[in-house]
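# Examining the three-dimensional arrangement
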Amino acid sequence: MKPISRRLFIEETGLGILSTTVLPSVTGSPVEAQVNSPAVSAPRTKITIKVNDVSHHLEVEDRWTLAETLRDHLELTGTKIGCDRGECGACTVLLNEKPIYSCSYLSVWADGQSIQTVEGLAHGDHLDPLQQAFIEHDGPQCGYCTSGQLMSARALLNHNPSPTAKEVRRALSGNICRCSNYNRYVESILAAAKRGQKHA
Ligand code: FES
Ligand code: FES
């Protein structure tokens with residue numbers, strides 16, 4: 001009997017699953033899925049986007065989300081993907097200064113637009129006041145949601161430099177924190193607002 005290694009197990013069970021996959025045909029009789037069919041190439045579009053004040057000319061697949069383009073093609077991995085379906089806010093970036101879920105926004109829609117990611121908050125060694133306050137007030141726990149929280153908070157302070165706690169909570173309502181560190185995030189943002197908008 002052939003010895004079973006982990007690799008062999010995965011290869012054989014994977015092929016088994018694929019080879020038994022059936023797709024309903026339009027006539028009602030099932031057709032076998034084509035295991036070895038060549039990858040379908042998706043339409044591509046040339047776009048120009050400005051990210052953190054730098055212009056990028058890119059050719060993107062029409063199906064790529066903005067989060068994918070930022071992370072996988074511009075290496076801006078500070079933007080996180082949590083749910084990948086517009087529910088958690090981990091992927092929040094600013095599009096023309098407004099917070100959006102980049103996992104639910106196609107890259108082609110961003111053509112000609114200006115995007116700010118968490119990488120664009122600090123100026124050289126000088127942290128954004130929000131980043132400094134997050135550190136001082138223990139905002140991040142695991143940190144997975146933090147870049148999204150920062151971007152939502154930045155959008156808030158850009159148009160309302162002295163928010164109330166209620167306004168901060170409302171601005172963060174689209175950013176889920178699985179560590180449930182909401183009170184510290186609110187404290188941090190209020191502290192940053194009190195300190196003013198100078199980079200640390
Ligand atoms: S990863 Fe985009 S909303 Fe959760
Ligand atoms: S700090 Fe862990 S998810 Fe928010």
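This write-up is about the structure you can find in this document. Owing to the predicted nature of the structure, the values given are computational and were not obtained by experimental measurement. (Residues numbered from 1 in each chain as written. Chains lettered and ligands numbered in written order. Predicted model: local features only at pLDDT ≥ 70, side-chain atom pairs only at ≥ 80, totals over all residues. Heavy atoms only, no water.)

Attention now goes to the side chain of Ser-107. Checked against the element boundaries, Ser-107 lands in the loop between β6 (98–101) and β7 (114–116). Exposure remark for Ser-107: the relative accessible area of 0% places this residue in the buried category. There is a polar contact of 3.5 Å between the side chain of Ser-107 and the backbone nitrogen of Leu-66. Look past the residues within four positions of Ser-107 in its chain and what remains in contact with it is Ile-47, Val-60, Trp-64, Thr-65, Leu-66 and Thr-69. (Helix = DSSP H or I, 4+ residues; strand = E, 2+ residues; numbered from the N terminus. Buried < 20%, exposed > 50% of the residue type's maximum accessible area, 1.4 Å probe, protein only. Polar contact = N/O pair within 3.5 Å; in protein donor to acceptor, adjacent residues only side chain to side chain. Contact = heavy atoms within 4.5 Å.)

Once that is clear, we can look at the packing of helix α4 (residues 146–159) against helix α6 (residues 182–195). Helices that pack against each other are described as a pair by the angle of their axes relative to one another and the distance between those axes. Here α4 crosses α6 at 40°, and the two axes come no closer than 11 Å. Looking at the two axes, α4 sits oblique to α6. In the crossing of α4 with α6, the sense of the turn from one axis to the other is right-handed. Within the contact between the two elements, α4 uses Thr-146, Gln-149, Ala-153 and Leu-157 and α6 uses Tyr-185, Ile-189, Ala-192 and Ala-193. Across the contact of α4 with α6, the residue classes break down as six nonpolar, two polar and no charged. (Axes fitted to C-alpha atoms, helices over the stretch in contact; angles between N-to-C directions. Parallel < 35°, antiparallel > 145°, perpendicular 65-115°, else oblique. Left-handed = near helix turned anticlockwise from the far one by under 90°. Nonpolar A, V, L, I, M, F, W, Y, C, P; charged D, E, K, R; others polar.)

Turning our eyes to something else, we now look at the environment of Lys-166. When you line up the elements, Lys-166 lands in helix α5 (residues 165–171). On the accessibility criterion, Lys-166 (62% relative accessible area) is exposed. Separated by 20 residues in the primary sequence, Lys-166 and Val-186 have C-alpha atoms spaced 9.1 Å apart.

The strand order β4-β3-β7-β5-β6 describes an open sheet built from five strands, whose pairing is mixed. Two strands bound the open sheet, and with one partner strand each, they are β4 (54–61) and β6. Strand-to-strand twist of the sheet, defined as the mean angle between neighbouring strand axes without regard to direction, takes the value 40°. Taken together, the eight bridges between strand β3 (residues 44–51) and β4 define a ladder with antiparallel strand orientation. Residue pairing for β4: Ile-49 is matched across the bridge by His-56. With respect to the sheet, α4 is in contact with β5 (92–95), β6 and β7, its orientation differing from that of β5 by roughly 35°. (Pairing = 2+ DSSP bridges.)

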